[in-house]
Number of protein chains: 2
Amino acid sequence: MAKKNAFYAQSGGVTAVINASACGVIETARKHKDKIGKVYAGRNGIIGALTEDLIDTTKESAAAIAALRHTPSGGFGSCRYKLKSLEQNRREYERLIEVFKAHNIGYFFYNGGGDSADTCLKISQIGEALGYPLQAIHVPKTVDNDLPITDNCPGFGSVAKYIAVSTLEATFDVRSMHKTSTKVFVLEVMGRHAGWIAAAGAMASTKSLELPIVILFPEIAFDKAAFLARVDALVKEHGYCTVVVSEGVHDADGKFLSDQGLRDAFGHAQLGGAAPVIAGIVKEGLGVKYHWAVADYLQRAARHIASKSDVAQAYATGKSAVELALKGRNSVMPAIKRISDKPYKWKIEVAELKDVANKEKFMPRDFITKDGFGITDKCRRYLAPLIQGEDYPPYKDGLPAFVTLKNMAVAKKLPGEFKI
Amino acid sequence: MAKKNAFYAQSGGVTAVINASACGVIETARKHKDKIGKVYAGRNGIIGALTEDLIDTTKESAAAIAALRHTPSGGFGSCRYKLKSLEQNRREYERLIEVFKAHNIGYFFYNGGGDSADTCLKISQIGEALGYPLQAIHVPKTVDNDLPITDNCPGFGSVAKYIAVSTLEATFDVRSMHKTSTKVFVLEVMGRHAGWIAAAGAMASTKSLELPIVILFPEIAFDKAAFLARVDALVKEHGYCTVVVSEGVHDADGKFLSDQGLRDAFGHAQLGGAAPVIAGIVKEGLGVKYHWAVADYLQRAARHIASKSDVAQAYATGKSAVELALKGRNSVMPAIKRISDKPYKWKIEVAELKDVANKEKFMPRDFITKDGFGITDKCRRYLAPLIQGEDYPPYKDGLPAFVTLKNMAVAKKLPGEFKI
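Here the structure is a predicted model, which means the values were calculated and not measured.

**Description of the pairing of strand β5 (residues 135-140) of chain A**
Across the six residues that make up β5(A), a large majority, six, are buried. Each parallel crossover has a hand, and the one from strand β4 (residues 105-112) of chain A via helix α5 (residues 114-129) of chain A to β5(A) is right-handed.

Written out as structure tokens, the structure is:
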């Protein structure tokens, strides 16, 4: 078989460790130059492939590629762009194959969540159908931890660590202030459908130091009266409490808490968050002083407090993806298999993409306490290893020394422009 | 002179390093047992003194006191409680002296911002007037960096580092996403009157890596048209930008941006932040996709990414306060004097409380660029050393190993209860 080039792209919301997967892919491919030619990256994800805007990663030094391991965000740019079904937009799939053919690309590594697993699967199928077989390997990434099969998802451990650490720190803060000031602190975290990130907030409370923390999961319909009763009880017992609310929390009718039809003085609609709504409910219901924070991008970009096990797994899945390609595998994803909780042991297994694509993994009910406001010991055992260890980036002049790649373009070979 | 006990209390909003000052006070006092008896701490700040709710710090182990150095928040509890003037509430001052007398307290260490410097000054004066001389020493603390005389204020360097690091990380995130998704990221930071914390966001952009960051300072009246023009230009040039907005930003009439008279669908008032308002202005004015975050307590509690120079200065001011007391000083505050920017050298000097109390230090106009949206090189030289160095806490099971003190009460000696 003639030596083929590889294509790598980042998809969807980026994380603190998706570049560690890129690092795993590129460093491993560089070790197999007899079998894999150049690694081309898509500028801004799959759009780079569609528009033939490829980045030549061979122009990057070994040091720059190594620095991807400690650099958050998508080093090559990502995108939110879901390919339509083959029936709806066959032209896009054909175009991808044309670009891959033009650049002698035989390996397709796609680093993303559930949607991109689906795209990856389709591309492996269309390659076959169009007579240009590609080996398509999906590299898992999502802060939401909602991919099936894999025990956990690279990107999640670091956001979980950030939320656990931040919840602990902020809870210490409100504990100091509650006598005369703030009694309830509300932190809004990501997770539109699954409550994994919110659950991490509960890890701030431990057996050796129990802290009053209420978690609001998207899996549990919001019950205002029950919530207020719980907060009131905690404030009466401890003097204060922290509420960690998932952005996706909704009531029994499916209406998001963050969607309260807010209007400013001129009647303009305002996009609020769930945190200020919860804070308002606490103020109105209990009359206590509150503070609220919305972590938003800070949580998923927080490479400065990344989980060591998460960084290791992000790198390992990237490395494994290349190794699977070298073994001739197609339509698969390296998945994390947990061997033991304590000491934490894991290995990489192989999942079929058809089993991964378009499936969401929610918090199991037995991970959530009966009252719906906390996590069970089972959940705690699951989460504990994922936030283990620190993996600090190097610093220069007080700031993390992240890398910005040169991202030099590969000369185009196809005529005309492809409109997306 | 008979050996006197010391009183220490934490005041106002807590920080990532106020406990490092407490550590400096207590460890230094313990080294001078010949001159200073016990260190009593006020439970929840000055309220602990008024209500005779004193904590016996001698019950804490050396290891526990040492751990205060890496523990955020107020280990003894803080409060927002400003003593009225002597004319308005003489009874409170007399009560303090009664409590101090009852517990043989001769040293008063008050750890706080401008208001507490004023309280500290008054207490030194009333002690004298009531025939119970006290040595009152103020230990500077405020994330706002708005105390005069001292070059910078313990607590500020760490929040500045957190904001600089978080702005860098989130800007990398939006840089990755801007092609098809978020183009403007808005981060709201603390600073009701002074823009020091917001200024720190601009440190994420450096000479070696210039990033499109817009800062909104409370010192500059918000000009919507100029702001939109600036953001538009940056988005056109770079494809994206980050806006760091101080919570205290207001228009030319003094109206806070965060005070937009928000109402929910039922007409209930909602307390919004400045970030969602700025995001709304960007959306309405430019029609681009945005994300926003509000750091709130996360920023001032973020001991996990504290500045090493800040921790050192917080400890040094606590230590120096005790040394000043031993030298017989009264009505003073240890202040940080900068000797050189690079290499960063500083020492502790002595400031008179009358020069510190009730004065706010704002960003000088020549620290802000002419257009009002950035910082000058002069400001950069000032800020750079303050975010230098990392001072990581120890971790256990993935979380920082913060200390929670025993905080055992001292037996009361006075009859009755004092109502505050």
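**Describing the relation of the copies chain B and chain A**
If you rotate chain B by 180° and push it 0.0 Å along the axis, it lands on chain A with an RMSD of 0.0 Å. Those values place the two copies in the arrangement expected of a two-fold rotation axis.

**Quick look at the domain arrangement of chain A**
Residues and elements named next belong to chain A. As assigned here, chain A comprises domain 1 (4-155 + 305-358 + 389-400) and domain 2 (156-301). Computed over C-alpha atoms, the centres of domain 1 and domain 2 are 33 Å apart. Taken together, the contact pairs 19 residues of domain 1 with 16 residues of domain 2. Split by residue class, the side of domain 1 that touches domain 2 holds seven nonpolar, nine polar and three charged.

**Considerations on the interface of chain B and chain A**
Across the boundary between the two partners, chain B contributes 68 residues, which contact 68 residues of chain A. Counting only elements with at least two residues in the side of chain B that touches chain A, the list comes to α6 (156-177), α9 (274-286), β9 (290-294), α10 (297-301) and β13 (399-400) of chain B. No other element matches the 13 residues that α6(B) contributes to the side of chain B that touches chain A. When its residues are assigned to classes, the side of chain B that touches chain A shows 34 nonpolar, 21 polar and 13 charged.

**Observations concerning helix α1 (residues 18-30) of chain B**
Residue and element names in this part refer to chain B. A rise of 1.5 Å per residue sets the reference length of α1, with its 13 residues, at 18 Å; its end C-alpha atoms lie 19 Å apart and thus fit the reference within 8%. Taken residue by residue, α1 has I18, N19, A20, S21, A22, C23, G24, V25, I26, T28 and A29 as its buried positions. Contact partners of the buried residues in α1: β1 (4-10), β2 (36-42), α3 (62-67), β4 (105-112), β5 (135-140) and α11 (308-326).

**Concerning the environment of B:I36**
All names here are of chain B. By the secondary structure assignment, I36 is in strand β2. Residues I36 and K4, spaced 32 residues apart in sequence, show a C-alpha to C-alpha distance of 5.6 Å. Setting aside its immediate chain neighbours within four residues, I36 contacts A6, A29 and Y107.

What counts and what doesn't
- Residues numbered from 1 in each chain as written.
- Chains lettered and ligands numbered in written order.
- Predicted model: local features only at pLDDT ≥ 70, side-chain atom pairs only at ≥ 80, totals over all residues.
- Buried ≥ 20, exposed ≤ 12 C-beta atoms within 10 Å, placed from the backbone.
- Helix = DSSP H or I, 4+ residues; strand = E, 2+ residues; numbered from the N terminus.
- Right-handed = clockwise from strand over helix to strand, strands pointing away.
- Least-squares fit on C-alpha atoms with pLDDT ≥ 70 in both.
- Domains from an automatic or database assignment.
- Contact = placed C-beta atoms within 7 Å.
- Nonpolar A, V, L, I, M, F, W, Y, C, P; charged D, E, K, R; others polar.
- Expected span 1.5 Å × (residues − 1).

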